[in-house]
Amino acid sequence: MAQKFRTLLDLCRRRGFLYQSAEIYGGLRGAYDYGPLGVELKKNILNSWWRRHVYYRDDVVGLDTSILTPHPVLKASGHVDEFTDLLVDCTLTKERFRPDKAPALTTDKNGHIPITAPDKDTALAWKKSIQEQFAPNPDQRGQNGKIVFEMVDQSQTPLELPYHGYVEPNTNSPFLTDSRPFNLMFKTFLDPIDPIDRVLKPSTVYLRPETAQGVFVNFEQVVRTMKTKPPFGIAQVGKSFRNEIRLEHGIFRTPEFEQLELEYFVAPWESKHYFKYWRKERYNWWLEHACHPENFRQRDHASDEMAHYATGCTDVEYLYPWGWGEVEGVAHRGNYDLTQHIKNTGANFEIVEETQPVFSDAVKESGEGEADLLPTELPARYVPHVVESSCGLNRAMLAYLCDAFHQVEDGKGKPPRNVLKLDPRLAPIKCAIMPLTGKSEFNSLTQKVAKSLRRKGLFTVVESQKLKIGKRYYRHDEIGTPWCITVDYQSLEDDTVTIRDRDTGNQERVHWKKVHQVIGDRLMEGEADDLLD
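As the structure is a prediction and not an experimental result, all values here were calculated from the model.

Asker: Please give an account of the pattern of salt bridges that cites residues and values.
Answerer: This model, assessed by the stated rule, comprises 29 salt bridges. A salt bridge links glutamate 220 to arginine 224; the nearest nitrogen and oxygen atoms lie 3.5 Å apart. In this pair, glutamate 220 and arginine 224 are both assigned in helix α7 (residues 219-226), four residues apart and thus about one turn of the helix distant. On the basis of relative accessibility, which here comes to 42%, the residue arginine 224 falls in the partly exposed class. The shortest N-O distance in the salt bridge between arginine 333 and glutamate 388 comes to 2.8 Å. Taken as a pair, arginine 333 in strand β17 (residues 323-334) and glutamate 388 in strand β20 (residues 385-392) lie far apart in primary sequence, 55 residues in all.

Asker: Pulling in residues and values, what's your account of the pairing of β17?
Answerer: Within β17, ten of the twelve residues are buried, which leaves it mostly tucked inside the rest of the structure. Pairing analysis gives nine bridges linking strand β16 (residues 312-320) to β17, with the strands arranged antiparallel. Across the sheet, residue valine 316 finds its bridge partner in β17, namely glutamate 328. Linkage of β16 to β17, two consecutive antiparallel strands, is achieved through a turn of two residues. In this sheet, β20 lies alongside β17 in antiparallel orientation, the contact comprising six bridges. Across the sheet, residue glycine 334 finds its bridge partner in β20, namely valine 386.

Asker: Residues and numbers for the packing of aromatic side chains, please.
Answerer: Aromatic ring pairs are reported here in terms of the distance separating the ring centres and the angle at which the planes meet. For the structure shown, the criterion picks out 24 aromatic pairs. Between phenylalanine 442 and tyrosine 489, the ring centres sit 5.1 Å apart and the planes meet at 65°, which makes this aromatic pair edge-to-face. Here phenylalanine 442 is found in the loop between β23 (431-435) and α12 (443-454), whereas its partner tyrosine 489 is found in helix α14 (residues 489-494), with 47 residues between them in sequence. Residue classification places phenylalanine 442 among the buried residues on the basis of a relative accessible area of 0%. Ring-pair connections join several aromatic residues into one group, and the members of that group are Phe5, Phe252, Trp285, Trp286, Phe296, Tyr318, Tyr320, Trp322 and Tyr400. One residue, lysine 42, lies across the ring of tyrosine 34, its end atom 4.0 Å from the ring centre.

Asker: Run through the pairing of strand β22 (residues 417-420), naming residues and quoting values.
Answerer: Burial along β22 is two-sided: the face carrying Arg417 and Val419 and the face carrying Asn418 and Leu420 are both buried. Of the pairings in the sheet, the one linking strand β21 (residues 405-408) to β22 comprises four bridges and is antiparallel in character. Bridge pairing links phenylalanine 405 to leucine 420 in β22.

Asker: Mind laying out the domain arrangement of the chain, listing which residues take part and the relevant values?
Answerer: As far as domains go, the chain holds domain 1 (34-76 + 206-401) and domain 2 (429-526). Between domain 1 and domain 2, the C-alpha centre-to-centre distance is 40 Å.

Asker: Now, about the nonpolar core: what can you tell me, with residues and values included?
Answerer: Counting residues in hydrophobic clusters, the biggest one holds 58 residues, and the most contacted among them are Phe17, Ile45, Trp286 and Leu420. Residues lining this core come from more than one domain, with at least three contributed by each of domain 1 (34-76 + 206-401) and domain 2 (429-526). Beyond its immediate stretch of four places on either side in the chain, leucine 420 contacts Leu8, Leu11, Phe17, Leu401, Ala404, Phe405, Asp477, Glu478, Ile479, Gly480 and Arg502. Residues Ile433, Phe442, Val449 and Leu523 belong to the second largest nonpolar core, which totals 19 residues.

Asker: Could you give me a rundown of a positive patch on the surface, with the residues and numbers involved?
Answerer: Among the surface-exposed residues, Lys412, Lys414, Lys468 and Lys471 lie close enough to one another that they form a single positively charged patch. Mapped onto the elements of the fold, lysine 471 is located in helix α13 (residues 469-479). Classification of lysine 471 by relative accessible area gives exposed; the value is 53%.

Asker: Please set out a nonpolar patch on the surface residue by residue, giving values where relevant.
Answerer: Judged by side-chain polarity, Leu436, Tyr489 and Leu492 come together as a nonpolar surface patch covering roughly 240 Å² of accessible area. By the secondary structure assignment, leucine 436 is in the loop between β23 and α12. In this structure leucine 436 comes out as partly exposed when scored by relative accessible area, which is 32%.

Asker: Account for the packing of helix α1 (residues 2-15) against helix α11 (residues 393-404), naming residues and giving values.
Answerer: For any two helices packed against each other, one specifies the inter-axial angle together with the distance between the axes. Where α1 meets α11, the closest approach of the two axes is 11 Å, and the angle between their N-to-C directions is 115°. Overall, the two elements α1 and α11 adopt an arrangement that is roughly perpendicular. Once α1 is placed against α11, the crossing between them reads as right-handed. Within the contact between the two elements, α1 uses Phe5, Leu8 and Cys12 and α11 uses Leu398, Leu401 and Cys402.

Asker: Tell me about the sheet that holds strand β5 (residues 84-89), residues and numbers included.
Answerer: Strand order across the open sheet formed by three strands is β6-β5-β10, with antiparallel pairing between neighbours. Where the open sheet ends on each side, the last strands, each with one partner, are β6 (96-97) and β10 (180-183). Examined bridge by bridge, β5 and β6 share two bridges and lie antiparallel to one another. Bridging across to β6, aspartate 89 finds its partner in arginine 96.

The rules behind the values
Residues numbered from 1 in each chain as written. Predicted model: local features only at pLDDT ≥ 70, side-chain atom pairs only at ≥ 80, totals over all residues. Heavy atoms only, no water. Salt bridge = Lys/Arg side-chain N within 4 Å of Asp/Glu carboxyl O. Helix = DSSP H or I, 4+ residues; strand = E, 2+ residues; numbered from the N terminus. Buried < 20%, exposed > 50% of the residue type's maximum accessible area, 1.4 Å probe, protein only. Pairing = 2+ DSSP bridges. Phe/Tyr/Trp six-rings, centres within 6.5 Å; stacked < 30°, edge-to-face > 60°. Lys NZ or Arg CZ within 6 Å of the ring centre and 35° of its normal. Domains from an automatic or database assignment. Core = buried A, V, L, I, M, F, W, Y, C linked by side-chain atoms within 4.5 Å. Contact = heavy atoms within 4.5 Å. Patch = residues over 30% accessible without salt bridge, like charges linked within 9 Å, V, L, I, M, F, W, Y side chains within 5 Å. Areas by Shrake-Rupley, 256 points an atom, 1.4 Å probe, with all protein chains shown as cover. Lys, Arg positive; Asp, Glu negative; His and termini not counted. Charge placed at Lys NZ, Arg CZ, Asp CG, Glu CD. Axes fitted to C-alpha atoms, helices over the stretch in contact; angles between N-to-C directions. Parallel < 35°, antiparallel > 145°, perpendicular 65-115°, else oblique. Left-handed = near helix turned anticlockwise from the far one by under 90°.

Put into structure tokens, the structure is as follows:
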């Protein structure tokens with residue numbers, strides 16, 4: 001599995017899905033740029049999510065709020081005081097890490113502690129440091145530097161080295177500090193420089209750690225301008241930033257990431273129903289685009305995993321090559337967020353009902369209404385509860401790449417070839433048009449077909465390299481292009497072209513003027529089936 005994942009990452013770099021950010025300057029740890037194919041795949045996942053949750057519904061509107069967030073907003077939400085991780089420093093390697101993810105100490109068959117250095121020079125430096133600070137006689141072994149030492153000095157006196165129950169993950173080093181809380185937010189300052197004394201008068205702001213707070217602080221304005229009331233939702237797509245220490249598995253965990261978030265506001269007595277409703281809706285969306293639905297699952301949080309204000313939380317997880325990993329969380333946040341902003345600003349986030357509230361038809365049908373929460377006095381006043389779904393777009397892209405990646409054996413002793421069996425709606429390139437040769441006689445018809453597809457909004461490329469048609473097919477199988485269209489000598493005689501399907505290899509001839517209709521119908525088949533389910 002690890003080798004297969006490395007092959008996938010190599011494909012992503014080689015074919016233009018992902019690039020290391022600032023690679024010509026040595027790269028930036030945890031930062032990635034999305035190439036021509038990567039940006040299309042991300043956009044298609046985003047568009048599928050937005051269509052399903054905004055355009056196909058009449059109870060959700062969109063919002064786009066500022067990335068820069070004032071200190072009072074995140075103080076009220078609890079992020080300034082509570083948005084922390086316990087972290088540990090290794091005094092030998094200078095690495096910082098989360099202790100809850102760290103392995104236990106490893107010893108060799110003689111009970112000695114081996115520490116693995118990345119190279120010989122580093123091993124020499126670490127050996128000197130250990131000798132000066134901890135153990136008088138560490139032993140260096142191996143070409144790349146492995147340090148082995150006993151936990152007693154020359155007089156057989158045990159060394160005083162506190163063991164925390166874990167070691168630095170990459171080296172097995174036990175030389176650690178106590179754990180300390182670190183806030184995960186990026187802080188900066190927003191203010192002009194005083195033109196007289198040239199002093200910067202700082203106003204603290206943060207790069208938002210989630211998109212949700214921008215929605216909550218705009219709640220009253222959306223209600224007022226859109227003339228709406230619960231149940232209704234506000235959707236937002238945007239960048240968030242967390243100063244993650246442990247960056248891992250490519251784009252799975254990075255300090256800069258995009259979120260697809262929906263905050264759905266409901267009456268308290270109907271919140272139980274809508275939490276179950278959105279758990280099901282969001283899980284089904286993941287399965288609709290999957291080659292292997294069995295590699296997705298839902299996992300309910302235990303009580304000690306949830307935030308103090310949450311009454312329920314369910315993760316959607318994908319079985320990545322390294323194990324199950326979260327791709328989305330659906331949480332019942334209660335009215336905590338709106339209440340906190342009311343307390344700190346006096347904002348009017350209450351919903352007022354002049355008539356006696358009753359259960360909606362959907363809640364009546366499900367039988368999940370909570371009658372004891374219905375108001376008994378008029379006018380009825382309440383602060384809405386929130387059901388939140390929060391999906392990581394970067395993780396979604398990685399999950400669907402892993403899910404679609406297949407290695408196909410063609411026999412004859414050849415190595416397996418790569419095929420990305422992406423849902424056609426997500427595929428970066430929808431069609432590749434391939435004139436049989438590079439001769440100019442095919443140019444006119446090739447461009448007519450390309451123009452007809454592009455005018456339908458389908459990302460289409462022309463592949464006219466001097467390669468055999470089979471090799472060109474395989475190049476596009478590797479990046480997930482669902483349909484290849486061949487223009488050949490018969491096309492010049494009767495205006496027909498060949499459409500070849502990526503997954504089946506089946507081919508059919510159609511008139512070139514019908515190509516955009518055939519492709520459009522096939523794209524809509526999946527969408528129509530999903531809406532009917």
